[in-house]
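Below are the chains, spelled out letter by letter.
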Amino acid sequence: MTHTTIFALMLAVAGTSQLVAAPATDEGDMFRDSLLHDVVVTGTRAATSEADIISTVTTVPRSQLTALERVSMLPTLSELVPGLYVTSRGVMGYGVSTGAAGSITLRGLSAGSGQAVVLIDGQPQYQGIFGHSIADAYQTLLAERVEVVRGPASLLYGSNGMGGVVNIITRQQHDNGVRTDFTLAGGSYNSVSSEAHNSVRAGRFFSDVAASYQSSDNHRPDMGFYQYGGYAKLGYDLSAHWRATAQADFTHFAASNPGPESAPLVDARQWINRGVAQVRVENSYDRTAGSLSVYHNFGRHKINDGHTADALPRDYLFRSRDALTGVSVSQGVSLIPGNWITVGADYQRIHGECWNSKLLTHEHWARPMEQNMHYPLDRTLTELAAYADLRQDITSWLTIEAGLRYDHHSEAGTELVPQGGIVVRPVADGQLKLTAGKGFRAPTLREMYLYGIANPDLEPERLWNYEVAWKHHPADGSLSYGINVFYLRADNLIATTMVPALGRAANYNTGRREHYGMELEASYAINAHWRTNANASYLHMDTPLLAAPELKAYAGAAYRLRALEVNAGVQYVAGLCTDVATGHEENVVLVNGAVAYRVVPQVKVWVRGENLLARKYEINAGYPMPRATLMAGIHTTF
């Protein structure tokens, strides 16, 4: 069966399939959530109907994030968001450095390269030295919902918003009362998971506190993983129009890299700490709304890249510290009917330092004796920006939007970032969007100052994206569908090549890339018990790229009857390049599903299966994925 035939069959399933969630609880009700018109904050920095803005946004509510009881939200996003793909390598854990997975790509642009950005409540979460996100930090227990902007978002979010944004909106208790949830699960390859969450609402005060622990041996020797972490959010409604919140989250994980099967590694281990703290004040009136936030992200990393069995052990660990401190302020105002103007400013201080620690002994890896060997990097960058965005209704069926960002980077210089478009409403609840926008990414500390290929004279990468999108959500709410086509051209991309002026191979602004494609998504509520959803994306690339499939499609079905919930889905991926040097591509069909039953209203038991067809495939070259795996658990609420 050809790729095109399978792709067409997946789209046909769109009329009959999707994921659904539990009965109405704190976990959410997908039947209810999906009938609501999307209100998003990521495309504007203020709560706005998606129908009124030019950005192409996919919202994944908590009900969908929790439907398959996954610890990480990334596999679910990879299924439900067209154009987005996330790499994986095992049952649990993504890791960092050599052999790592968890790379997020949007339309072929990679968050692993800093070309797309992950946010938590609007604040960037990338590593200062290497400029990428840390996949193991993005656990499902954090999120109330996730909003994904497909296309440039540098107007509002600056560098790293070049290809798009994944914004994790954290949980919040809305109704007065106290609720506590526990989840305990276990499954294949000695995998265990435990979570505890407490939420409180008492008048104007609200809080959410959670903690978790997970571990797995995974499906290959020397691939053990564990992590623990927590999250806390405290808030107070100062008045009907003002709110203050303080929040923090922390993740520690340790991962082992077994190496490719052709050259297994010994002692390839990583110990990583990641955290963020934020204080935020928000206001919301009929004709104005805005926020001020101060945040600090930090990371601590200890890595041994290991050695093959016939090589000597490494006598040092790579150590690094990252810190990103920022201030973000924005305010929107409506001056006349149908008008909304957003103005804002951002400041970031990005610091990174790394060194090699000489190992004095190899006997106790949990607490190795170390002596600092040398300090190749200790640098700080700053970014200061201001932006304005204007949205205006010309008639009841036509809206225009235009914005401009002035962004100054302490090393890469100044960028002007324009974006604009129109929204046309030819029918009720339907929008046709035409947009053009610029994105950019400033070079990272690694690219400018670390290793022998460093080049301090690098300029930002730049991109222009052009898009036409149609979305229709009829008033009865049972059906929603959308389709969009895009063309993007990226220039000045950073690549490693011979630079005559430097007399050596170095990072250099030389790359160019053209992508175009189509994305589709649809959902349909058949009745009170059945719900369906499907999405698909096609991406044409001038050259194959890692973790950017040419075709990706997903269709799922969900059934709910009284205490029983059944969720199942099939994902098809084709033209997935796993090795640029050899041009090897993978094609795979994955079937996943979960069954849950509420024994009593406070207790739910569930079982989940992944890769139920037991397909053999790879996403990272040399790292075969596990065949069929199972997890089972119990969720209690009181």
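Residues numbered from 1 in each chain as written. Predicted model: local features only at pLDDT ≥ 70, side-chain atom pairs only at ≥ 80, totals over all residues. Heavy atoms only, no water.

## Focus on the overall build of the chain
Right, so step 1: Summing up its helical and strand segments, the chain has six helices and 34 strands in all.
Right, so step 2: Its C-alpha atoms give the chain a radius of gyration of 24 Å, near enough to 26 Å, the size a compact globule of 638 residues would have.
Right, so step 3: Dimensions of the chain, computed from the C-alpha atoms along their principal axes, are close to 70 × 55 × 55 Å.
Right, so step 4: Within the chain, the proportion of its 638 residues that are buried is 58%. (Helix = DSSP H or I, 4+ residues; strand = E, 2+ residues; numbered from the N terminus. Rg over C-alpha atoms; globule rule 2.2 N^0.38 Å. Buried < 20%, exposed > 50% of the residue type's maximum accessible area, 1.4 Å probe, protein only.)

## Topic: the pairing of strand E11 (residues 177-187)
Right, so step 1: The pairing of E11 with strand E12 (residues 191-202) spans eleven bridges and is antiparallel. Of the residues in E12, the one forming a bridge with glycine 177 is arginine 201.
Right, so step 2: For E11 and strand E34 (residues 629-637), the ladder comprises seven bridges, and the chain directions are antiparallel. Bridge pairing in E34 places glycine 187 opposite methionine 631. (Pairing = 2+ DSSP bridges.)

## Considerations on the pairing of strand E10 (residues 164-170)
The side chains of a regular strand alternate between the sheet's two faces.
Right, so step 1: In terms of burial, E10 is largely enclosed, as seven of its seven residues are buried.
Right, so step 2: The alternating pattern of E10 places Gly164, Val166, Ile168 and Thr170 on one face and Val165, Asn167 and Ile169 on the opposite face, and all of these are buried.
Right, so step 3: Sheet analysis places strand E7 (residues 117-120) next to E10, joined by four bridges and oriented parallel. Of the residues in E10, the one forming a bridge with isoleucine 120 is isoleucine 168.
Right, so step 4: Relative to E10, strand E9 (residues 143-150) is paired through seven bridges, and the arrangement is antiparallel. Within E10, the residue paired with arginine 150 across the bridge is glycine 164.

## With respect to a nonpolar patch on the surface
Right, so step 1: On the surface, Ile394, Ile400, Ile422, Leu434, Val468, Ile483, Val485 and Met518 cluster together into a nonpolar patch covering about 560 Å² of accessible area.
Right, so step 2: Within the fold, isoleucine 422 resides in strand E22 (residues 413-424). (Patch = residues over 30% accessible without salt bridge, like charges linked within 9 Å, V, L, I, M, F, W, Y side chains within 5 Å. Areas by Shrake-Rupley, 256 points an atom, 1.4 Å probe, with all protein chains shown as cover. Salt bridge = Lys/Arg side-chain N within 4 Å of Asp/Glu carboxyl O.)

## What to know about the pattern of salt bridges
Right, so step 1: The final tally for this structure, using the stated rule, is 32 salt bridges.
Right, so step 2: We note a salt bridge from glutamate 519 to arginine 107, for which the minimum N-O separation is 2.9 Å. A residue pair is termed long-range when its members are at least 10 positions apart, and glutamate 519 in strand E26 (residues 504-525) and arginine 107 in the loop between strand E5 (104-106) and strand E6 (109-110) qualify at 412 residues.
Right, so step 3: For glutamate 519, a relative accessible area of 1% puts it in the buried group.
Right, so step 4: Its relative accessible area of 3% is what places arginine 107 among the buried residues.

## Remarks on the side chain of serine 523
Right, so step 1: Checked against the element boundaries, serine 523 lands in strand E26.
Right, so step 2: In terms of polar contacts, serine 523 uses its side chain to reach the side chain of arginine 531, at 3.4 Å. (Polar contact = N/O pair within 3.5 Å; in protein donor to acceptor, adjacent residues only side chain to side chain.)

## Considering the sheet that holds E7
Right, so step 1: The five strands are arranged E3-E9-E10-E7-E8 in an open sheet whose pairing can be described as mixed. Taken across any chain shown, the strands that pair with only one partner, and hence form the sheet edges, are strand E3 (57-61) and strand E8 (123-124).

## Some thoughts on the confidence of the model for the chain
Right, so step 1: On average, the chain scores 89 in pLDDT, and the residues at 70 or more come to 91%.
Right, so step 2: Considering each helix and strand of the chain separately, the mean pLDDT is smallest for helix H1 (residues 3-13), with a value of 37, and largest for strand E31 (residues 603-610), with 98.
Right, so step 3: Here residues 1-26 is modelled with pLDDT under 50, and outside its nearest four sequence neighbours on either side it reaches 88 contacts, counting other chains as well. (pLDDT = per-residue confidence, 0-100. Contact = heavy atoms within 4.5 Å.)

## Some remarks on the sheet that holds E6
Right, so step 1: The strand order across the open sheet built from three strands is E4-E5-E6, with neighbouring strands paired in antiparallel fashion. Edge strands, defined here as strands with exactly one partner in the open sheet, are strand E4 (84-86) and E6.
Right, so step 2: Looking at chain direction, E4 and E5 are connected through three bridges and run antiparallel. For tyrosine 85, the partnering residue across the bridge sits in E5 and is threonine 105.

## Brief notes about the nonpolar core
What tends to happen in soluble globular proteins is that the nonpolar side chains get buried as a cluster.
Right, so step 1: Residues Val96, Tyr157, Val165, Phe253, Cys354 and Leu377 are the most contacted members of the largest nonpolar core, which totals 35 residues.
Right, so step 2: Counting only elements with at least two residues in this core, the list comes to E7, helix H5 (154-157), strand E15 (242-256), strand E17 (288-308), strand E18 (316-333), strand E19 (339-359), strand E20 (370-395) and helix H6 (445-449).
Right, so step 3: Counting residues in each nonpolar core, the second largest holds 29 residues, with Leu74, Leu106, Val118 and Leu142 among its members. (Core = buried A, V, L, I, M, F, W, Y, C linked by side-chain atoms within 4.5 Å.)

## Brief notes about the side chain of threonine 629
Right, so step 1: For threonine 629, the position within the fold is in strand E34.
Right, so step 2: Residues contacting threonine 629, with those up to four places away along its chain left out, are Val91, Ser188, Tyr189, Arg608, Gly609 and Glu610.

## Thoughts on the packing of aromatic side chains
What characterises a pair of aromatic rings is the spacing of the ring centres plus the angle enclosed by the ring planes.
Right, so step 1: Applying the stated criterion across every chain yields a total of eight aromatic pairs.
Right, so step 2: Ring centres of phenylalanine 130 and phenylalanine 318 lie 6.3 Å apart, and the angle between their planes is 65 degrees; on these two criteria the pair is classed as edge-to-face. Of this pair, phenylalanine 130 sits in the loop between E8 and E9 while phenylalanine 318 is found in strand E18, placing the two residues 188 residues apart along the sequence.
Right, so step 3: Under the relative-accessibility criterion, phenylalanine 318 is labelled buried at 13%.
Right, so step 4: With a centroid separation of 4.9 Å and an interplanar angle of 45 degrees, the aromatic rings of tryptophan 530 and tyrosine 559 are classed as tilted. (Phe/Tyr/Trp six-rings, centres within 6.5 Å; stacked < 30°, edge-to-face > 60°.)

## Here we look at unusual backbone geometry
Right, so step 1: Positive phi, normally seen in glycine, also occurs at asparagine 492, with a value near 65 degrees.
Right, so step 2: The backbone of arginine 562 sits at a positive phi, close to 50 degrees, despite the residue not being glycine.
Right, so step 3: When you line up the elements, arginine 562 lands in the loop between strand E28 (551-561) and strand E29 (564-579).

## Section: the environment of arginine 171
Right, so step 1: Looking at the secondary structure, you find arginine 171 in the loop between E10 and E11.
Right, so step 2: For the pair arginine 171 and aspartate 217, spaced 46 residues apart in the sequence, the C-alpha separation amounts to 30 Å.
Right, so step 3: A distance of 3.2 Å separates a polar atom in the side chain of arginine 171 from a polar atom in the side chain of histidine 197.

## Topic: the environment of serine 291
Right, so step 1: Residue position: serine 291 is located in strand E17.
Right, so step 2: Taking relative accessible area as the criterion, serine 291 reaches 11% and is therefore assigned buried.
Right, so step 3: Looking at serine 291, its side chain comes within polar contact range of the side chain of arginine 280, at 3.4 Å.

## Focus: the environment of valine 276
Right, so step 1: With respect to the helices and strands, valine 276 occurs in strand E16 (residues 265-284).
Right, so step 2: Linking valine 276 and alanine 185, residues 91 residues apart in sequence, is a C-alpha distance of 27 Å.
Right, so step 3: Excluding residues that lie within four positions of it along the chain, valine 276 makes contacts with Gln125, Gln247, Ala248, Asp249, His296, Asn297 and Phe298.

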